[in-house]
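In case you want the letters, here they are:
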Amino acid sequence: MDNNISNEAKAFLSKSQYGQYIGGEWFPQVGEQTLAITNPATEELIAEVGIADKSQVDQAVSAAHEAFKNKWTALRPADREKLLLKFAHKLEEQADIIAEILTTENGKLLSHAKGEIIGAANTFRYYAGWATKIEGETLDLSLKQKPGKQNFAFIKREPVGVVAAIVPWNFPISIAAWKLAPLLAAGCTVVLKPSEVTPLSTLYMAQLFNEVGFPPGVVNIITGDGATGAALTTHPKVNKITFTGSTEVGKMIGKSAMEDLKEVSLELGGKSPGIIFEDADLKAAARGIALGIFRNGGQVCVAGSRVYIQRKIYDNMVADIAAEGVKLNISDGFDKSADLGPLVSKSHLSSVQSYIEQGINEGAELVSGGKRPSGKGYYLEPTIFSVPDNSKTIVSEEIFGPVLVAVPFDTMEEALQMANDSKYGLSSTVWTKDISKALTCVNALDAGWVFVNAPARSDPSMPVGGNKQSGIGRELGKAGVYNYTKMKSVNIVF
Ligand code: NAD
């Protein structure tokens, strides 16, 4: 364990047992099996975490159901707002400790981990305001054919009920906040399952809900693997599923949700393109593209993993982006001089490495990187390939690592055709000084997000989500909170 971390984080990481947080209390591990949590920078085992079995999943959903009926919806929206604001404040207060736990289990840079916690606090603050602003509609439907009869009609928005929230390992706290903050503002209760790879920071966060006074059962956090997730999402008392993770698992969850006709929103994988035109600010584009793929080791759903570069500037741009990658300092996330930490796990590292091998075997030109530095830790060099078109596997599959594939183009039509030639449609970037070119691309790109002259980054007020196989629905913004409501049409005839 890193000696520089706070006593509070050390104490939390040295626990012998991490139970399930249900109904405001901690329940110990029931079965023999546990999740082994590893520090990806040192490859050391840091904790063993419980796997909730079916009975604990049922206990958690029942607690959420009871809290939904009798506690959370009994509060005034303004009281929910107050609690969400208190929680935002608490997160900020504890940001250093949570960041240390997050860096230890995930490997990301400590400064990024801290930014993630502060960003989560901002998400809670943003949605605190929405608790009092959820509105319905009124309509004039007077019964004209029956003089004297009137029909007062209105549409009410009600919380959907108990939500099952499933979170991946790349941004455990941000993505949990994207789900928790809006659903709590809308009046729903929740059972949240963090990834089996990074549950510790979320477990630390769980106790803060108690501390700021959330009624027991409103937020429940259970740990486990895919089987725990499946027991949760298929539980009959769950009214809505919100899932962020791979397209493969998302499709399975979507299919099983349809069995019971549960509401479902899915935030899935991506293979997001960038397009650089020759008139762009080329220095900013090289830096932005490098940041967009190498930040967090490319383990970002919106990572710009394909870049289309106009032919005249292609060779120089590829060299400049490669130079941005080469100068990154690869080191432990606790090292203040680090620019790039390890990948999250051994199995994820070997999956990324196997794509690099496949690229080389398929004849893609390896421009830079591709190797592992010596020593402990799941580190991998920033890697750039150059290919003539979209035909190779490394251009079509999500790699989810620091691996960029560059492709040349001649015309805007060709660039757009190749950018949209993907089963995914999550994010995209366009680099040009010509506003009409930028707007043409904004309109033509089949993606949930388009950034012009900047790499992708989220803001609580802007909806995020994907087209095609990148998902169903949107999180954040107004859409994020209305997602957790259902409409009731009411007619009063008098
Ligand atoms: P994953 O799909 O393997 O796992 C995600 C979560 O689902 C984990 O908590 C896991 O335990 C759970 N799970 C696995 N099988 C399940 C099942 N059958 N039923 C219910 N839950 C189950 O994804 P990951 O490897 O943790 O994360 C990486 C993926 O997430 C990438 O594909 C990335 O693009 C995607 N992602 C998407 C977004 C977005 O906003 N679109 C954001 C972050 C990550």
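Residues numbered from 1 in each chain as written. Predicted model: local features only at pLDDT ≥ 70, side-chain atom pairs only at ≥ 80, totals over all residues. Heavy atoms only, no water.

Student: Which residues make up the overall build of the protein chain, and what are the values?
Tutor: Helix and strand content of the protein chain: 16 helices and 22 strands. Taken over C-alpha atoms, the radius of gyration comes to 24 Å for the protein chain, in line with the 23 Å a tight globule of 494 residues would show. With the C-alpha coordinates aligned to their principal axes, the bounding extent of the protein chain is approximately 75 × 65 × 40 Å. Split into buried and exposed, the 494 residues of the protein chain put 56% on the buried side. Taking all contacts inside the protein chain whose residues are at least 6 apart in sequence as the whole, residues at least 24 apart take part in 73%. Of the roughly 20,300 Å² of accessible surface on the protein chain, a fraction of 52% belongs to carbon and sulfur atoms. (Helix = DSSP H or I, 4+ residues; strand = E, 2+ residues; numbered from the N terminus. Rg over C-alpha atoms; globule rule 2.2 N^0.38 Å. Buried < 20%, exposed > 50% of the residue type's maximum accessible area, 1.4 Å probe, protein only. Contact = heavy atoms within 4.5 Å. Areas by Shrake-Rupley, 256 points an atom, 1.4 Å probe, with all protein chains shown as cover.)

Student: Residues and numbers for the packing of aromatic side chains, please.
Tutor: Counting across every chain of the model gives 15 aromatic pairs. Seen from their ring centres, F277 and F409 are 5.6 Å apart, and the 80° between their planes marks the pair as edge-to-face. Residue F277 is found in the loop between β12 (272-276) and α10 (282-294), and its partner F409 is found in strand β16 (residues 403-409); the two are separated by 132 residues along the sequence. Both residues of the pair, F277 and F409, belong to the buried class. (Phe/Tyr/Trp six-rings, centres within 6.5 Å; stacked < 30°, edge-to-face > 60°.)

Student: Would you mind going over helix α14 (residues 412-420) in detail, with residue names and values included?
Tutor: Along an α-helix, residues three or four positions apart point the same way, because every turn accommodates 3.6 residues. For α14, the full list of buried residues reads M412, A415, L416, M418 and A419. For α14, the buried positions fall inside an angular range of 165° around the axis, keeping them on one side. On its buried side, α14 packs onto β12, β13 (304-310), β16 and α15 (435-444). (Arc of directions from axis to C-beta.)

Student: Give a detailed account of the site of the ligand, specifying residues and quantitative values.
Tutor: Taken together, 28 residues lie near the ligand, and K193, E196, S246, L268 and E398 sit nearest. A distance of 2.6 Å separates an oxygen atom of the ligand from a polar side-chain atom of S246. Contact with the protein chains removes 88% of the 860 Å² of surface that the ligand exposes when unbound. At a threshold of 2 Å from the grid points, most atoms of the ligand map onto the largest pocket. Looking at the shell around the ligand, the elements that each hand over two or more residues are α8 (226-233), β10 (240-244) and α9 (247-259). Classifying every residue of the shell around the ligand by side-chain character gives 15 nonpolar, 8 polar and 5 charged. No fewer than three residues from each of domain 1 (7-268 + 471-491) and domain 2 (272-459) sit in the shell around the ligand. (Near = heavy atom within 4 Å. Polar contact = N/O pair within 3.5 Å; in protein donor to acceptor, adjacent residues only side chain to side chain. 1 Å grid on protein atoms, 1.4 Å probe; cavity = no way out; pocket = protein on both sides within 12 Å on 5 of 7 lines; lining within 4 Å. Sits in = over half its atoms within 2 Å of the grid points. Nonpolar A, V, L, I, M, F, W, Y, C, P; charged D, E, K, R; others polar. Domains from an automatic or database assignment.)

Student: I'd like to hear about the packing of helix α4 (residues 95-106) against helix α5 (residues 110-130), residue by residue, with values.
Tutor: Describing two packed helices takes the angle between their axes plus the distance from one axis to the other. Two elements in contact, α4 and α5, have axes separated by 8 Å at closest approach and are oriented at 125°. Between α4 and α5, the crossing angle belongs to the class labelled oblique. With respect to the hand of their crossing, α4 and α5 are arranged in right-handed fashion. Contact residues: α4 offers A95, D96, I98, A99, E100, L102 and T103, while α5 offers L110, A113, K114, E116, I117 and I118. (Axes fitted to C-alpha atoms, helices over the stretch in contact; angles between N-to-C directions. Parallel < 35°, antiparallel > 145°, perpendicular 65-115°, else oblique. Left-handed = near helix turned anticlockwise from the far one by under 90°.)

Student: Residues and numbers for the sheet that holds β16, please.
Tutor: By way of backbone hydrogen bonds, the strands of a sheet pair with one another, either parallel or antiparallel. With respect to topology, 7 strands assemble into an open sheet ordered β14-β15-β16-β13-β12-β18-β19, the strand pairing being mixed. If you trace the sheet from one side to the other, it starts and ends with β14 (365-368) and β19 (451-452), each paired once. When β13 meets β16, the two strands line up parallel, connected through 5 bridges. Paired with Y308 across the two strands is V407, which belongs to β16. Across the sheet, α10 lies against β12, β13, β15 (383-386), β16 and β18 (429-431), angled at about 165° from β18, the strand it touches most. Taken strand by strand, helix α12 (residues 346-361) contacts β14, β15 and β16, and its axis lies near 25° from that of β15. (Pairing = 2+ DSSP bridges.)

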